[in-house]
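What follows is each chain in one-letter form.
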2 protein chains.
Amino acid sequence: MANSQQMANAIRALAMDAVQQANSGHPGAPMGMADMAVALWGRHLKHNPTNPQWMDRDRFVLSNGHASMLLYSLLHLTGYDLPLQELKNFRQLHSKTPGHPEHGITPGVETTTGPLGQGVTNAVGFALAEKLLAAEFNREGHAVVDHHTYVFLGDGCLMEGISHEAVALAGAWKLNKLIALYDDNGISIDGQVAPWFIDNTPQRFMACGWNVIDAVDGHDVEAVAAAIGQAKASADKPTLIVCKTVIGKGSPNRANTAKAHGEPLGAEEINLTRAALGWTHEPFAIPESVYADWDAKAAGQAAEAEWTLRFAAYEAAYPELAFELSRRMAGDLPKHFAQVAVDTVVAAHTKAETVASRKASQIALEAFTAALPELLGGSADLTGSNLTNTKSTPALRIEPNGAVAKTEAGQVGRHINYGVREFGMAAIMNGLALHGGFIPYGGTFLTFSDYSRNAIRMAALMKQRVIHVFTHDSIGLGEDGPTHQSIEHAASLRLIPGLDVWRPADTAETAVAWSVALSNRDKPTALLLSRQNLPYAPKSDLGDISRGAYILSEPAAVGLKKKAQAVIIATGSEVQLALAAQQLLAAKKIAVRVVSMPSTTTFDREDTKYKQLVLPAGIPRIAVEMGVSDFWWKYGCAAVVGIDTYGESAPAGVLFKHFGFTAENVADTVLAALQRAR
Amino acid sequence: MANSQQMANAIRALAMDAVQQANSGHPGAPMGMADMAVALWGRHLKHNPTNPQWMDRDRFVLSNGHASMLLYSLLHLTGYDLPLQELKNFRQLHSKTPGHPEHGITPGVETTTGPLGQGVTNAVGFALAEKLLAAEFNREGHAVVDHHTYVFLGDGCLMEGISHEAVALAGAWKLNKLIALYDDNGISIDGQVAPWFIDNTPQRFMACGWNVIDAVDGHDVEAVAAAIGQAKASADKPTLIVCKTVIGKGSPNRANTAKAHGEPLGAEEINLTRAALGWTHEPFAIPESVYADWDAKAAGQAAEAEWTLRFAAYEAAYPELAFELSRRMAGDLPKHFAQVAVDTVVAAHTKAETVASRKASQIALEAFTAALPELLGGSADLTGSNLTNTKSTPALRIEPNGAVAKTEAGQVGRHINYGVREFGMAAIMNGLALHGGFIPYGGTFLTFSDYSRNAIRMAALMKQRVIHVFTHDSIGLGEDGPTHQSIEHAASLRLIPGLDVWRPADTAETAVAWSVALSNRDKPTALLLSRQNLPYAPKSDLGDISRGAYILSEPAAVGLKKKAQAVIIATGSEVQLALAAQQLLAAKKIAVRVVSMPSTTTFDREDTKYKQLVLPAGIPRIAVEMGVSDFWWKYGCAAVVGIDTYGESAPAGVLFKHFGFTAENVADTVLAALQRAR
């Protein structure tokens, strides 16, 4: 008991000292959750600080990421490669201790948190990944996938709508190995939460099929540890443990006030807090005995060693499964992927089908989901519209007893009905990707990328391979009208740093888009796909599609022998318009090159030589895309055929005409540009 | 009873006929909710079809907007100016019957719905507006504001996270005049919802302080009508009525299937449905007796006439209140607004203070909230950071009995603690604006505009005066790191059609931004504000700020007599950098003009002459903004000093240097551009 108190106080001291030193940060939450952390990290968490990549470790998510000093303290104290100097450099440039925990920067940080509500939703993804991998890979007597996902969260996470989506799906999926500890301190930034947060949280979670352990004293390590033990026994429900805590616990004047949340306590209050806690050590000084109590290296190594033995036995009994599990957790694609990708693209080219690009996506997915068991699809209640399902991806279903249902062939579900929860889907996909073992993809209408936008951004910031299938792009969606017609979305997705965006024109480009998205280990991708049919764009060479833009058609293709006088750049459904305009202009002896640019983000990474080859200097460029025109000026365009207002409700063909998306208008725009250039 | 059935069947027939004629649309939901509609619109709804603008009408929101034919049928049948021909033109270009209901297109449509979850959240805004106006304007014996807000919603709305935010706030605010009818049909697009939607919805709503009337037969008009009557008696809680329904009710083969949701029934099934319903009339033919049963014109006129009498009595007793209420509901600013605006801007200019632009915003708000009682502020739990509160805006608080608390001076709350619910806040603000009587504004960090993005878009689509206060822009936010640093947000908000975006540089520009935002009746505005202090940018003239961009400093200001050789365009916090670079370049005899461009969207609406005056042809333009550079090429820039990666966690000053936001780098960039131009 004395040990537990010292262990918790070490966190409190490090948190307040680091925030003070940085002169910025959040001391209150780490101080309030310190005892919960002792209970979890000191008594239950299965992890190996010397190998943060151990496949079967428990996952820990700090959903209230502003409490980052709690996590940094725990990683430092338990033995991760996070020296004290890093804690002293809290919130400084290029330290391993940024203001909010960032995956990829700090060993042991499983996901980047800070944007509230997303951490707990990532955690649902982690827990789902574990459940699915266990169902797929474990065998009688060989539980090689068998770990928990723990999440700490605060009232901020619970107020965010996305938490409702996460909680609802965790309940529906009966994620019994997901254990959430709620830091119930009754304070948010604006003060005592009562006027704006009256949720009966236990009742709310029970309404979504959770097991709830209510009214635990969050400062009683034994009580919290016992609750976690009880939660681990849950066979068919995720568990919420409501820990009643005091924000800034230990600080005589700041505890239980909003003032403890987001600023340093100040030198004087820190002294008072040291005295109140009986913590007599200098700033950043931790007694050896406390280090010893926290040290999890030996236990972690033993736990991993024990697992390694078990995995060896599994490998002996099921060598192929062991190989596959290792491969998938490493994020490596199977060896035959490259060939499958080539075959899929070539087949598309050979068939030259006229289909919607959402259908082209499904055709590509048929091949890729057959070849890649790690592909885990889904849709936010638009499966039949997004066409995200394939013959290889049965729907995920959960048995009443909590087990993952299997098909008659023994297959585990690989297509997820996320319900109408776009943001939740995106953040769960981030969790699935972070856990490892899966390449998640999920669909909705492009317009509703707005709903999930910050989770798409988080995938890019975390460099995670998550694939968004956004169908029904632009006014081609037709009668559903402006609420459903994406206008600014293609352009605004391209502005998210680190996100690849593809808007393919036909079956071959769509297959390439998928293959590049799957190959890019460190990038999320958004595929923007049409509702309406698109003719195949004849092409002589498939090799350059993957560079994001390529010369699709030269003047010679329309019978002109001269060099191009202008370039039409088009994407997706507008490539056919560009080709038609090229024909119209050829009749007037105007020679035009058509460049198909399915991925501006990919093309932008090309070398200057290739860029100049595709878009030669000295002749005008005209961009054609059914979206806001502003984006296209970056390519030095002389004119843009775009749409800068909202769409309308009408059949697609009527709208194309209404908004000027006709070959005639594109040709006229080229002519006008040429005239201005003279 | 027989009448009720015919009334409901008229809706069913119109819905299936119109969808069939359009060959696109959603028949299932209107057919399933037809009886609920009879109960509400036939028995309870207080409205006047001959005056859809009647101030004290009940508000009706169809949150499951894909059921638009339900609403169009009701508007047509009850006597709104929506002739049968419009129903026959369902989903056609420029009809009054677009695919989803659009406010401003169709009389009687209170809000645009379709993006799920937002309608019910708008409804919370409507109900809050009513409650606040009633508290402010009603007097003993004079209940001139006294109406209900009704909302129909489906399981799609309930799965969306935003519904949780809306439900939680409606409970906290004890919106007893909000009555939601849930179309509980157990089907969503992907099929029977059980595998992905296990919420115990009544329990969930009760957990948020709602009154729930469960298990009402949604096809029993009397039962639904009785439940509504019961709900209207609620004194201190909003009410959810759970109506058990059958999607596509009446269709022998499609009812209770997902197939009824989003496609025409087909001629054959329509015939079968007609037979099953005993509806023998031709397509679009409604018997006179059914029209007569539905006709609400006389009752509506009588209701309004009775209210008009009451309002006259109120006006006699409280002429000033009556004038103010009428003015506010009309959306007119008070006469003295123009003078207040001028005074505020001039005062800012005279004081020339160095403050953060979020503080400049609060300074402007002090004046505007004092002058405009319709300004209703708020923050998503960041009040002290967003600085959205002023001396004139006490916090909204609700008494245990459900009444709106008043200050000692008798004032009603005017600043809302929305909790950590950005999307909910934005959609509630849309509802407040649509109701009338308020100009809502609300704050969060700019990065979290991602969370509310689709509601911002909806405000723009609906042309509503809603003001978003987005503070802590870009890397100036400092140590909180990349999750909290907006990089792509300024640019991507500018892409939303119809949204005005301001990123002011100092106190005067901030005051102008506020005054323009308040004056723009038909536009939402986003104000992007700094965390860090910004020096006042000296200026000779204030008149052109409102044009969105203006010449801030000519070469003469730095002692050069020649004409500008280049233009630096800067926004917000980077204007000071541009001015410093201008100085550095002057030392090298390079003459540079500095253009401050606080609002690109506003500037883009200027005439060509002014544009050319500010940005003259023939000299290079260099843009400076701490955001993605892509956006700036539209102004024909030769170079952009921007940031195209995520930020870092470090003090702001360190980051500015790290990312090249120094006067030296700006000056060097100008020099390089001039060299290239030679």
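Residues numbered from 1 in each chain as written. Chains lettered and ligands numbered in written order. Predicted model: local features only at pLDDT ≥ 70, side-chain atom pairs only at ≥ 80, totals over all residues. Heavy atoms only, no water.

Quick note on the threshold: UniProt positions are given in the numbering used here, feature names are shortened, and annotations may be inferred rather than shown by experiment.
The name given to chain A in an unreviewed UniProt entry is Transketolase, and the organism recorded there is Acidovorax ebreus. Under the UniProt heading Catalytic activity (unreviewed entry), the note attached to chain A is "D-sedoheptulose 7-phosphate + D-glyceraldehyde 3-phosphate = aldehydo-D-ribose 5-phosphate + D-xylulose 5-phosphate". Database annotation for chain A, UniProt heading Sequence similarities (unreviewed entry): "Belongs to the transketolase family."

## Observations concerning the overall build of chain A
The line we're drawing: Counting from the N terminus, the helices are DSSP H or I runs at least four residues long and the strands are E runs at least two residues long. Computation of the radius of gyration draws on C-alpha atoms, with the globule rule given as 2.2 Å multiplied by the number of residues to the power 0.38. The cut-offs for exposure are 20% and 50% of the maximum accessible area for each residue type, with area from a 1.4 Å probe on protein chains only; residues under the lower value are buried, those over the upper are exposed, and the others partly exposed. Note on contacts: a residue pair qualifies if any of its non-hydrogen atoms lie within 4.5 Å across the two residues. Accessible surface area values rest on a Shrake-Rupley calculation with a 1.4 Å probe, where residue burial reflects the displayed protein chains alone.
When you go through chain A residue by residue, the secondary structure sums to 25 helices and 20 strands. The C-alpha atoms of chain A give 28 Å as radius of gyration, which agrees with the globular expectation for 678 residues (26 Å, within 12%). Principal-axis analysis of the C-alpha atoms gives chain A an extent of 90 × 60 × 45 Å. With 678 residues in all, chain A has 68% of them scored as buried. When contacts within chain A are restricted to residue pairs at least 6 apart in sequence, long-range pairs at least 24 apart make up 77% of them. Of the roughly 20,900 Å² that chain A leaves accessible, carbon and sulfur atoms contribute 52%.

## Some words on the sheet that holds strand S13 (residues 500-502) of chain A
Residues and elements named next belong to chain A. Stated formally: A pair of strands counts as paired when DSSP detects no fewer than two bridges linking them. Here the axes come from fitting lines to C-alpha atoms, over the contacting stretch only for helices, and the angles between their N-to-C directions go from 0 to 180 degrees.
Taking strand neighbours across the sheet as the criterion, the six strands line up as S10-S9-S11-S12-S14-S13 in an open arrangement whose pairing is parallel. Both outer strands of the open sheet, strand S10 (415-417) and S13, are each paired with one neighbouring strand and no more. Here the average twist between neighbouring strands, direction ignored, is 20°. Bridge count for strand S11 (residues 439-445) against strand S12 (residues 467-471) is five bridges, and the pairing is parallel. Paired with Gly-443 across the two strands is Val-469, which belongs to S12.

## Points about the relation of the copies chain B and chain A
As a reminder of what qualifies: The fit set for superposing copies consists of C-alpha atoms from residues with pLDDT of at least 70 in both; the fit itself is least squares.
Of the transformation superimposing chain B on chain A, the axial component is 0.0 Å and the angular component is 180°, with the fit at an RMSD of 0.0 Å. The superposition of one copy onto the other is thereby described by a two-fold rotation axis. It is Gly161(B) whose C-alpha, among those of chain B, lies nearest the rotation axis, at 1.9 Å. The share of interface residues of chain B whose copies in chain A are also at the interface is 100%, consistent with both copies meeting through the same surface.

## Here's the deal with the packing of aromatic side chains
Given two aromatic rings, one states the distance between the centres and the angle between the planes to describe the pair. Note the threshold: Each pair of aromatic rings taken from Phe, Tyr and Trp, with Trp reduced to its six-membered ring, is defined by centres within 6.5 Å and is described as stacked if the planes are under 30 degrees apart, edge-to-face if over 60, and tilted in the remaining cases. Counting as a charge over the ring demands two things of the Lys NZ or Arg CZ atom: a distance within 6 Å of the ring centre and an angle within 35 degrees of the ring normal.
Scanning the entire structure with this criterion turns up 38 aromatic pairs over all chains. Measuring from ring centre to ring centre gives 6.3 Å for Trp54(A) and Trp307(A), while their planes differ by 65°; the resulting arrangement is edge-to-face. A residue pair is termed long-range when its members are at least 10 positions apart, and Trp54(A) in the loop between helix H2 (28-43) and strand S1 (59-62) and Trp307(A) in helix H12 (residues 297-317) qualify at 253 residues. Across the pair, exposure class does not vary: Trp54(A) and Trp307(A) are buried alike. Summarising the aromatic geometry, the rings of Phe448(A) and Tyr451(A) are spaced 5.6 Å apart at their centres and angled 85° between planes, so their arrangement reads as edge-to-face. An aromatic cluster of at least three residues, connected via ring pairs, comprises Trp54(A), Trp307(A), Phe311(A), Tyr314(A) and Tyr318(A). Here the basic side chain of Lys539(B) rests over the ring of Tyr536(B), its NZ or CZ set 4.2 Å away from the ring centre.

## Some points on the state of the cysteines
Residue and element names in this part refer to chain A. In plain terms, the rule: We call a pair of cysteine sulfur atoms a disulfide whenever their separation is within 2.5 Å.
Throughout the structure, instances matching the rule amount to zero disulfides over all chains. For Cys-157, which is in no disulfide, the shortest distance to another cysteine sulfur is to Cys-243 and amounts to 14 Å. Looking at Cys-157, the relative accessible area reads 0%, which means it is buried.

## Looking at the pairing of strand S19 (residues 621-624) of chain A
Residues and elements named next belong to chain A. Burial of the side chains of S19 extends over both faces: Arg-621 and Ala-623 are buried on one face and Ile-622 and Val-624 on the other. The pairing of strand S17 (residues 566-570) with S19 spans four bridges and is classified as parallel. In the strand pairing of S19, Ala-570 is matched with Val-624. Where S19 meets strand S20 (residues 639-641), three bridges bridge the pair, whose relative direction is parallel.

## Brief notes about the UniProt feature "binding site: substrate" (unreviewed entry) in chain A
Per the UniProt entry, the sites bearing "binding site: substrate" (unreviewed entry) are His26(A), His261(A), Arg358(A), Ser385(A), His472(A), Asp480(A), His484(A) and Arg531(A) in this numbering. The annotated residues occupy 506 residues of the chain and do not converge on a single region, their most distant C-alpha atoms lying 47.9 Å apart. Considering the arrangement of structural elements, one finds Arg358(A) in helix H15 (residues 357-371). In this structure, Arg358(A) is in contact with Gly384(A), Ser385(A), Asn386(A), Leu387(A), Thr471(A), His472(A), Leu529(A), Ser530(A) and Arg531(A), ignoring residues within four places of it in sequence. Among the secondary structure elements, Asp480(A) is positioned in the loop between S12 and helix H19 (489-494). For Asp480(A), the contacting residues outside a window of four places in its chain are His26(B), Arg91(B), Gly99(B) and His100(B).

## Section: the environment of Ala409(A)
Note on placement: Ala409(A) falls in the loop between helix H16 (383-386) and S10. Distance in space between the C-alpha atoms of Ala409(A) and Leu70(A) is 46 Å, their sequence separation being 339 residues.

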